[in-house]
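# Structure assessment
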Amino acid sequence: MPAKTELKIGVFRGSLRKGSYSGAVADFIAAAMPNGFDAEIVDIGQLTMFNQGYDDDGTTPKEWTAFRGKVAGLDGCLFVTPEYNRSIPPVLKNALDIASRPQGKNVWSGKPGAVVSVSPGKSGGMAANHQLRQALICINVPVMQQPEAYISGAADIVKNGVVDESERAFLTAFANAFADWVKLFVKTAE
Ligand SMILES: Cc1cc2nc3c(=O)[nH]c(=O)nc-3n(C[C@H](O)[C@H](O)[C@H](O)COP(=O)(O)O)c2cc1C
């Protein structure tokens, strides 16, 4: 297979909210990915709630099939999420579950990933961050260990959907570290 010149990154956002803090952080990191990367926000809000029976009885929703195909074509996946009741939002877990099945057809497997949690509170969504990492172990996503990203005080950092200057250097460094992480797993033309 020829070496790739552009790597595709799927960005999965755990919030569907208009004006979402984590959404703004996700958009910033996506835009900060270096040359050679094409980062795309993947819509997970339209996915029917997971029900194993749909695959079992041959009524797999069309959008699941499209989503599975989309994930299969990625070189890396970035998850940016708020924390809901010390866990991850259901929309994100739903997306993880859908693309991990049917059994034996887990399209996440082997795709390098990274996790960012965002909260207006002081913890920076650390519980959600680590719960997500736990699920990613199960679906065989090798997650970048460092730098960790727990973005606290999000209401001060994101104003009108724009990430404040004070956080930009860290998030840009995170994007570059993630790019290096992804390159470890993919044969590039460099
Ligand atoms: C159902 C629910 C549960 C929440 N639980 C937590 C929590 O456990 N920890 C936390 O830091 N914030 C929690 N929050 C507050 C969210 O961090 C806050 O609503 C945030 O703005 C959501 O992220 P977003 O701006 O990206 O939509 C919760 C919010 C909701 C709606």
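Notes on the structure follow. (Residues numbered from 1 in each chain as written. Predicted model: local features only at pLDDT ≥ 70, side-chain atom pairs only at ≥ 80, totals over all residues.)

Here the focus is the overall build of the protein chain. Within the protein chain, the secondary structure is distributed over 7 helices and 7 strands. Shown N-terminal to C-terminal, the secondary structure of the protein chain runs as helices and strands in the order β-α-β-α-α-β-α-β-α-β-α-β-β-α. For 190 residues, the compact-globule estimate of 2.2 N^0.38 gives 16 Å, and the protein chain sits close to it at 16 Å. Its C-alpha atoms give the protein chain principal-axis dimensions of about 50 × 45 × 25 Å. Sorting the 190 residues of the protein chain into buried and exposed places 38% on the buried side. (Helix = DSSP H or I, 4+ residues; strand = E, 2+ residues; numbered from the N terminus. Rg over C-alpha atoms; globule rule 2.2 N^0.38 Å. Buried ≥ 20, exposed ≤ 12 C-beta atoms within 10 Å, placed from the backbone.)

Let's shift gears to the site of the ligand. Neighbouring the ligand are 17 residues; Ser15, Ser20, Ser22, Pro82 and Ser119 lie closest to it. No other element matches helix α1 (residues 21-32), which puts 3 residues into the shell around the ligand. A class-by-class count of the residues in the shell around the ligand yields 5 nonpolar, 9 polar and 3 charged. (Near = placed C-beta within 6 Å. Nonpolar A, V, L, I, M, F, W, Y, C, P; charged D, E, K, R; others polar.)

If you trace the 5 strands from one edge of the open sheet to the other, you get β2-β1-β3-β4-β5, paired in parallel fashion. On the outer flanks of this sheet lie β2 (37-42) and β5 (150-151), each paired with one strand and no other. In the sheet, strand β3 (residues 76-81) pairs with strand β4 (residues 113-118) via 5 bridges, with the strands oriented parallel. What sits directly across from Val80, in β4, is Val116. (Pairing = 2+ DSSP bridges.)

What follows concerns the pairing of β3. Most of β3 is tucked away, with 6 of its 6 residues classed as buried. Residues of β3 alternate between two faces, with Gly76, Leu78 and Val80 on one and Cys77, Phe79 and Thr81 on the opposite face, all of them buried. Where strand β1 (residues 7-13) meets β3, 5 bridges bridge the pair, whose relative direction is parallel. Among the inter-strand pairings, Arg13 is bridged to a residue of β3, identified as Val80. In the classification by handedness, the crossover that spans β3, the intervening helix α4 (residues 90-99) and the parallel β4 is right-handed. (Right-handed = clockwise from strand over helix to strand, strands pointing away.)

What follows concerns helix α5 (residues 126-138). The end-to-end C-alpha distance of α5 is 19 Å, a good match for the 18 Å that 13 residues give at a rise of 1.5 Å each. On its buried face, α5 sits against β3, β4 and β5. Looking at the residues trailing α5, positive phi occurs at Asn140, about 60°. (Expected span 1.5 Å × (residues − 1). Contact = placed C-beta atoms within 7 Å.)

Turning our eyes to something else, we now look at the pairing of β1. Counting buried residues along β1, 6 of its 7 residues qualify, which places the element largely inside the surrounding structure. The handedness of the β1 to β2 crossover, carried by α1, is right-handed.

We now examine α4. Burial in α4 covers these residues: Leu92, Ala95, Leu96, Ile98 and Ala99. Angular distribution of buried residues about the axis of α4 spans 165°; they occupy a single face of the element. (Arc of directions from axis to C-beta.)

Core analysis: the biggest nonpolar cluster contains 49 residues, and Val25, Ile29, Leu78, Val80 and Val116 have the highest contact counts within it. Among the elements that take part in this core, α1 stands out by supplying 7 residues, more than any other. Excluding its chain neighbours within four sequence positions, the residues that come into contact with Val25 are Val80, Val116, Val118, Ile151, Val158, Val163 and Leu171. (Core = buried A, V, L, I, M, F, W, Y, C linked by C-beta atoms within 7 Å.)

Moving on, we come to unusual backbone geometry. Note that the residue after Arg101, namely Pro102, is joined by a cis bond; omega there is 0°. The omega torsion of the bond from Gln146 to Pro147 falls at 0°, within 30 degrees of zero and hence cis. One non-glycine residue with positive phi stands out, namely Asn85, at about 50°. Counting through the fold element by element, Asn85 comes out in the loop between β3 and α4. On the basis of neighbour counts, which here come to 8 C-beta atoms within 10 Å, the residue Asn85 falls in the exposed class. Positive phi, close to 60°, is recorded for Asn140, a residue that is not glycine. Residue position: Asn140 is located in the loop between α5 and β5.

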